[in-house]
Amino acid sequence: MKSYSTFGEVSFFQKIKSLDFYLLISIIILGAISILAMYSTDISDGNFYHSFNHALRFVVFFCLMILLSFINIKHYFSLSIFFYFCVLILLIGATFFGTTVQGSQRWINLYFINLQPSELMKIAIIIFLARYYHRVQPDAVNSIKKFIIPFIILIVPILLVLSQPDLGTSVLIALSGIAVIWLAGINIKYIIYSLLGLVISFPFVISILKPYQKLRILTFINPDRDPLGAGYQIIQSKIAVGSGGLTGKGFLKGTQGYLDFLPEKHTDFIFTLFSEEFGFVGSVLLLILYAFIITRILIIGSNSRNYFGKFFCYGFAISIFFYISVNMLMVLGMLPIVGSPLPIMSYGGSSMLSMMIALGIVMSARIYSREIIN
Amino acid sequence: MLGDGIGSNVRKSKLINRRMFLASAAKAVVFFGIVSRLFYLQVEQNKKYLTLSDKNRIRENKLPPVRGEFKDFFGKTIAGNLDVYELHVIPEQVEDFRVLITRVKQILNLSNKHIDKIYKTKNKQKPWETIIISDNLNWNEFSKINYYLYDLPGLKPVISVGRNYPFNESYSHVLGYVAYASKEDLSSNETINKRHVPGLRVGKNGLEKTFENQLIGTNTIQRFEVNAYGKRINQLEVQNGDQGNSLRITVDTEIQKYTNELLAGEAGSISVMDIFTGEIIAMNSSPSFNPNDFLYGIGSKDWKDLNSNPFKPLVNKTISGLYSPGSTIKPLVALSALENNVIKPSMRVFCKDNIDFYGQKFHCWKKKGHGHMTLKNAIKQSCDIYFYEVARLLGVDRLNETANRFGLGKIVLKNFFENEKKGVFPSTEWKKTAIGQNWYLGETLITGIGQGYIQSTPLQLTLMTAQLANGGNKIYPTIIPNNKNVELIKKEMQDNEDYDLPTNYPPLVTNKENVKFVLDAMFKSTNEIYGTSYSSRIEDPKYQFAGKTGTAQVKRITEAEREQERKLEQIPYKERDHAWFIAFGPYKNPRYALTVLVEHGGSGSSAAAPIAKKLFKKIIDRHEEREKIRINEIETS
């Protein structure tokens, strides 16, 4: 299969010029905010382990993103199946032979990084499905034949991640996958049917959930049930956010994080700490920044002349939206506590890596927006 | 693009874009929801969460209040404070209680028994209640614990306030003692409840209890910022508490200590009062106990011993002991008879050992009888037969009226001691209501010699004596100095011979000559030959005193026993008479009144009067110093 570009090869200068600088600057601002927030969490620990690592990762992976963006989108297209299966193998490895932390087996120790393949899977699933639907016509999407592959491709990693157990990531993988499938034109009634099926199978799902997951759902329904136990996280998180007020307690002045009342303050609850220190105004500005990033990605997607780029950008934009929403709704006490990091803000190499890889592909879609893939 | 052509491609693009638009709309809704939620939490409910956040991070540490001290009349500290090093722990704040206790056990070398006790306490209490691991660490142990503290999370070394009574058992009954606040203390006294911290000691008895709210002081409050594990990060503020009020009492430690020595080995009571100001100079009850033993909680065996001791060391006999006053009542009976014009001092009665009244035999204490007696002689030699006759003529109701006026059958130290008893001075009406029977004349006779239903405390007799000695005027007993000018009181008492004039110290008699007569009789009783306390007299006018002995029977003496004439040692301890002596002095210019009681001491003249003799010397020797302070205070106030 031969692919060609309208202009032939793009020169390096043109590549630089056609980067989306709005998106780049937004990412740099977000990165800077995340490093400051991480610095604030480190104050009480007395060392700067987290902020240093976070900054280092941000810089390294940001460079990686720039490098990735110079690679022609068509190469991602052709490598997508390979990428998916590589990640799947890593995921299987992590699920069965990985490192166990806090009762969940989800990491592979690669010596320089503790890789969490399930985080990469969030991106791999979008890449794979974007490629798959690239060629499928809207009429064919709803046929059983064209549905079986995406279903298997989606359900296998979900079950693997669920068994680690990691409810949060598996939900996010599922949402990302469903987003792409839906964009491709699947009849809305199938989604409604499967949701109904999910509701019917809910008691069954509950019965296979680990006790701590059941507890989290019960706690979500009533956080005051056990204020020092399972409800502790939600209550403390709400106290942190609520006490921030309109303009916040000020940088490095948040007491909830500093005094260790916030659980997982480096990772899933980083927004809580940020919100305590920068208040309603800061939180809304952060949300606007995220919305801006999503919008830039959407624009890149809409300008892409190939369906792979379009599907990927749109799918990824919807996924980021899901990551942010699930995380924020969770720390604000509107969803049960499931592990889900806030993109770029949360501490964690794998999450940062997968975000940067995806953003690199988005940039590539921008640079090679006129590329037509057959 | 191959195959399907342009139309299909356009449809695909349109579909994707349409769906993306829907997704964006959903996104906007969700983001709006998040913003609303943020607004609700951060703006609307900000106050609530700010409070919760402060509650989270700020811990208050209440330190025990520093208790006010007790001073004696001369300003000497008789109940002070000392630092007590304690070790507390709250089980719910400890990650692994067993590990912690084992570590503490190693560091302090605690015994297994001690450890068992800690676990027992832990099982009894709620997990958030403090357990006192040790309340008596020495400085070495305390610093050792502090040294290892970083390694012992949840452990709290506390410097608490303990009570120290430098004069040990001398003041036990006056001051009482302090011990750990009990549940009853917390529920009955709101002030204690408010200021309570684990290990707080409060007054359990005596003045310590009565003046609890003045003595207790206020807590020092430290506010700390703590982290989620309760570890202190820094101190935010300290609100210093005030020490409780110090209280000065009227008692003279020198005399108080001496009374303790005088009663050593005996069960009994001594009380001394200023006959004008009503101040208690000394008040002792024997045997006593050491209040310092209660500092760290008294052992159950020691407590049992104190409680079951037949000499009742825990009872303040001076105000809670009830006894027949015996012959010490005779001056009052004589006064009552004279006041009511029932007899003349010259009335003669022949005493011949015993007398029959309505077929019942009444004996005089003197076997062969006193022969012919007049009133003065009858008081001096304490003739029972004479007083049977006086009582018969007087009747119990008129006697009761005089006795009441002089304070018998009434609380003496109002509001100072919750355990003071008021005793009984009988009347016909009293017997009807209390016992439900009619009064018998025979009962009047024995009431006349201080036996029968009469029950009085030693302090009541002291007050009675004081009010006789000051010429028959009412005074106001107190244990807190009242800074009164004695000369003014004396003047007021003399000026108000007239019964009708309003005065602070109203006369208790209509004719002061009657009082003088009785006082003279008491003088003769001590200072003239044949007087019952003649052998205890002091001839030096500086110390010369007048008194009246009393020997109170504790059981009816049978005729057979009367014949035997048993020596004191032959009578079982519990059946021996109580020995009384009431006195005042110096005779020429009286100032102090006192009562000595020796339980089961035999006769008043042999057991009680000699003690009074020694005591008077001490009291008079201390008088000048005491007056100096009094005058100085009146001038400065």
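This part covers the confidence of the model for chain B. Mean pLDDT over chain B: 89, with 97% of residues reaching 70 or higher. Across the interfaces of the predicted complex, the ipTM metric reaches 0.89, alongside a pTM of 0.68.

Turning next to the interface of chain B and chain A. Each side of the interface is counted separately: chain B has 39 residues, and chain A has 37 residues. Breaking the side of chain B that touches chain A down by element, the ones donating at least two residues are α1 (5-44), α2 (46-57) and β8 (221-226) of chain B. Looking at the side of chain B that touches chain A element by element, the count peaks at 21 residues for α1 of chain B. In terms of residue class, the side of chain B that touches chain A is built from 21 nonpolar, nine polar and nine charged.

For the rest of this paragraph, the subject is the environment of Asn-504 of chain B. You can see Asn-504 of chain B is positioned in the loop between α21 (486-495) and α22 (512-527). What makes Asn-504 of chain B partly exposed here is the crowd of 14 C-beta atoms within 10 Å.

Here we come to the sheet that holds strand β2 (residues 104-109) of chain A. The strand order β1-β2-β3 (chain A) describes an open sheet built from three strands, whose pairing is antiparallel. Each edge of the open sheet is held by one strand with a lone partner, namely β1 (99-101) and β3 (114-115) of chain A.

Attention now goes to the nonpolar core. Residues and elements named next belong to chain A. Within the largest apolar cluster, 111 residues are counted, with the highest numbers of intra-cluster contacts made by Leu-129, Val-180, Phe-312, Cys-313, Ala-317 and Val-362. Counting residues per element, this core draws most heavily on helix α15 (residues 307-331), which supplies 18 residues. Each residue touching Cys-313, except ones within four places of it in the same chain, is listed here: Ile-297, Leu-298, Ile-300, Gly-301, Ser-304, Val-362 and Ala-365.

Residues and elements named next belong to chain B. Counting through the fold element by element, Thr-595 comes out in strand β19 (residues 592-598). When the 31 C-beta atoms within 10 Å are taken as the criterion, Thr-595 is described as buried. Distance in space between the C-alpha atoms of Thr-595 and Ala-612 is 7.9 Å, their sequence separation being 17 residues. When sequence neighbours within four positions are dropped, the list of residues in contact with Thr-595 reads Ser-271, Pro-458, Leu-461, Thr-462, Thr-465 and Ile-582.

Criteria and cut-off values
- Once a new chain begins, its residue numbering starts again from 1 and follows that chain's sequence as written.
- Here the convention is simple: chains get letters from A, ligands get numbers from 1, in the order in which they are written.
- In keeping with the model being predicted, local features are shown solely for residues with a pLDDT of at least 70 and side-chain atom pairs are shown and tallied solely at 80 or more, while totals for entire chains, interfaces and linings include all residues.
- Per-residue confidence from the predictor is reported as pLDDT, which spans 0 to 100.
- Residue pairs are scored as contacts if the distance between their C-beta atoms, which are placed from the backbone, is within 7 Å.
- Secondary structure elements follow DSSP: runs of H or I of four or more residues count as helices, runs of E of two or more count as strands, with numbering from the N terminus.
- Amino acids outside the nonpolar list (Ala, Val, Leu, Ile, Met, Phe, Trp, Tyr, Cys, Pro) and the charged list (Asp, Glu, Lys, Arg) are all regarded as polar, and Gly is one of them.
- To assign burial, the other C-beta atoms lying within 10 Å of each residue's own C-beta are counted, with C-beta atoms placed from the backbone; 20 or more indicates buried, 12 or fewer indicates exposed, and intermediate counts indicate partly exposed.
- Should DSSP find at least two bridges between two strands, the strands are taken to pair.
- What makes a nonpolar core is a set of buried Ala, Val, Leu, Ile, Met, Phe, Trp, Tyr and Cys residues, with links drawn between C-beta atoms within 7 Å.

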